[in-house]
Amino acid sequence: MERSYSVLKQMLRDGRLAPGARLEANRIAGDLGVSMTPVRDVLHRLVGERLVEASSGEGFHVPRYSEADLRDLYEWHSALVSIACRTARAPLVQSEAGTFSSLADRADRLFERLAACAPNREIHAAVANVSDRLHPFRLVEPDVLGASPAELHEIESADASIQQAIRRYHLRRMKFVSELIRRREHAGSSI
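On a predicted model such as this, the values are computed, not experimentally measured, just so you know.

S.K.: Quick question: what am I supposed to make of the packing of aromatic side chains here?
M.R.: Here a ring pair, both rings aromatic, is described through the centre-centre distance and the interplanar angle of the planes. The final tally for this structure, using the stated rule, is two aromatic pairs. Centre to centre, the rings of Tyr65 and Phe137 are 5.4 Å apart; their planes meet at 80°, and the pair counts as edge-to-face. With a gap of 72 residues between them, Tyr65 in the loop between β3 (59-61) and α4 (67-87) and Phe137 in helix α6 (residues 121-145) connect regions that are remote in the sequence. Here Arg45 stacks its cationic end above the ring of Tyr5, 3.5 Å away from the centre of that ring. When the ring centre of Tyr169 is taken as origin, the NZ or CZ atom of Arg173, which lies over that ring, is 3.6 Å away.

Following this line, the structure appears as structure tokens:
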């Protein structure tokens, strides 16, 4: 079950499944070489994480975000990261050496590190969940926003002004939600 969960969650995070795509348990089970029972369990788990939606009679499908939904998700992420920074008991962020396969992965890791500084583990879990849901949009941000590592570096290097840097980062994305949704819908395929 854990392997099926990891594979399907990564596919969702990578935007390899089109928004609104139906997720058929028997087809996924065949593709993964497992029985349908663990796939159904995984789909229910992903519904709990809000990475998959389920509807009566329609089965499971990849969420389709409206502009308001995506704007709310960016707003929620901004609020959570800001709370983490305000309540931090450890030094906030130091630049992390290493290579990342994408700017989206680097953003995920940065916000994960910020959340880990907060003493409240629920904030860390919530930031991780929202980052999972934002990841497919972060993958298309460079095409829409011309996003660059400099934006993340600004947050990493901010000290007293980190709250403002975090807010600017999110507000910039919130201005482009319609284009981010459009790009995301064209980027995904379906299984």
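S.K.: Looking at this structure, how should I read the packing of helix α5 (residues 103-116) against α6?
M.R.: If you want to describe how two helices pack, look at the angle between their axes and the distance between the axes. Two elements in contact, α5 and α6, have axes separated by 8 Å at closest approach and are oriented at 160°. Here α5 is positioned roughly antiparallel relative to α6, judged by the angle of their axes. The interaxial crossing formed by α5 with α6 has right-handed handedness. Here Leu103, Ala104, Asp105, Ala107, Asp108, Phe111, Glu112, Ala115 and Ala116 of α5 come into contact with α6, specifically with Ile123, His124, Val127, Ser131, His135, Arg138, Leu139 and Pro142. Classifying every residue of the contact of α5 with α6 gives ten nonpolar, three polar and four charged.

S.K.: Got a minute to help me understand empty space enclosed by the protein in this structure?
M.R.: Space left empty within the atom packing is revealed by a probe, the size of a water molecule, rolled over the atoms. Going through the model one piece at a time under the given rule, you end up with two cavities of 30 Å³ or more. By volume, the largest cavity is sized at about 160 Å³. Together, 15 residues line the largest cavity, and Val62, Pro63, Tyr65, Pro136 and Arg184 are the ones closest to its centre. Mapped by element, the contributors of at least two residues to the lining of the largest cavity are α6 and α9 (177-187).

Thresholds applied
- Residues numbered from 1 in each chain as written.
- Predicted model: local features only at pLDDT ≥ 70, side-chain atom pairs only at ≥ 80, totals over all residues.
- Heavy atoms only, no water.
- Phe/Tyr/Trp six-rings, centres within 6.5 Å; stacked < 30°, edge-to-face > 60°.
- Helix = DSSP H or I, 4+ residues; strand = E, 2+ residues; numbered from the N terminus.
- Lys NZ or Arg CZ within 6 Å of the ring centre and 35° of its normal.
- Axes fitted to C-alpha atoms, helices over the stretch in contact; angles between N-to-C directions.
- Parallel < 35°, antiparallel > 145°, perpendicular 65-115°, else oblique.
- Left-handed = near helix turned anticlockwise from the far one by under 90°.
- Contact = heavy atoms within 4.5 Å.
- Nonpolar A, V, L, I, M, F, W, Y, C, P; charged D, E, K, R; others polar.
- 1 Å grid on protein atoms, 1.4 Å probe; cavity = no way out; pocket = protein on both sides within 12 Å on 5 of 7 lines; lining within 4 Å.
- Points joined across faces, edges and corners; volume = space filled by probe spheres on them.

Keep in mind that these numbers describe shape and distance, not what the molecule does.
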